[in-house]
Amino acid sequence: ASASSSDPLRANLKVVGLDLVGSSGGISTSTSESTSTSTITNISNVLGGGPAKFFEDNPLELRGPLKTPFGSFEVLYLDEDMRIIKTYQGYLAVNQRQLPGEEWF
């Protein structure tokens, strides 16, 4: 989450992750009878060769880290025990701090 000095009560949320791009090919996904045997053979070859063989035959490109907007919220009330926020969708949420030993899970 991030906030700006011009609007410190608004938090902007982003999802951070990685993008995997694979090449086409690999295991056949056809469902016809003539290719069902070759599909089973391909799956057996992939499983038999382990992950290293799979990625050798189906290379992946790892791109990232990527950050995409996820939403935002505005802090309406904040003290040591409670926070009330309004999401960018218009929902209100009340969060109350729990003391050690009072956790519900």
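Think of each chain on its own: its residues are numbered from 1, step by step along the sequence as written. Note on the predicted model: pLDDT of at least 70 is required for a residue's local features to be given, and 80 or more for side-chain atom pairs to be given and counted; whole-chain, interface and lining totals, by contrast, use all residues. Note: side-chain values were computed over all heavy atoms of the structure, leaving out hydrogens and water.

A. Broad picture of a nonpolar patch on the surface. A grouping of Leu18, Leu20, Phe55, Leu60 and Leu62 is seen on the molecular surface, where their side chains present a nonpolar patch of about 530 Å² in accessible area. Strands are runs of DSSP state E lasting at least two residues, helices are runs of H or I lasting at least four, and both sets are numbered from the N terminus onward. Secondary structure elements with two or more residues in the nonpolar patch: β2 (7-22) and β3 (60-78). By the secondary structure assignment, phenylalanine 55 is in helix α1 (residues 33-57). Each patch is built from residues lacking any salt bridge and having more than 30% relative accessible area; the joining distance is 9 Å for like charges and 5 Å for nonpolar side chains (Val, Leu, Ile, Met, Phe, Trp, Tyr). Reported accessibility uses the Shrake-Rupley method at a 1.4 Å probe radius. Residues are deemed covered only where the shown protein chains occlude them. In what follows, salt bridge is the name for a side-chain nitrogen of Lys or Arg lying within 4 Å of a carboxyl oxygen of Asp or Glu.

B. Fine view of the pairing of β3. Only strands joined by at least two bridges in the DSSP assignment are considered to pair. Across twelve bridges, β2 lies against β3 in antiparallel orientation. Bridge pairing in β3 places valine 21 opposite glutamate 61. Across five bridges, β3 lies against strand β4 (residues 82-87) in antiparallel orientation. From the neighbouring strand, tyrosine 77 faces β4, where its bridge partner is isoleucine 84. Between the antiparallel neighbours β3 and β4 lie three residues.

C. Structural view of the environment of alanine 1. By the element assignment, alanine 1 lies in the segment before β1 (2-4). A sequence separation of 13 residues divides alanine 1 from lysine 14, and the C-alpha atoms of the two residues are 6.5 Å apart. In contact with alanine 1, not counting residues within four places along its chain, are Ala11, Asn12 and Leu13. Contacts are residue-level and defined by heavy atoms, with any inter-residue pair within 4.5 Å sufficient.

D. Structural view of the sheet that holds strand β5 (residues 92-96). Spatial strand order, β1-β2-β3-β4-β5: five strands in an open sheet with antiparallel pairing. Where the open sheet ends on each side, the last strands, each with one partner, are β1 and β5. Taken over all neighbouring pairs, the strand axes of this sheet differ in orientation by 35° on average, direction set aside. Each axis is a line fitted through C-alpha atoms, and for a helix only the stretch in contact is used; angles between axes span 0 to 180 degrees, taken between their N-to-C directions.

By themselves, these figures tell us nothing about what the structure is for.
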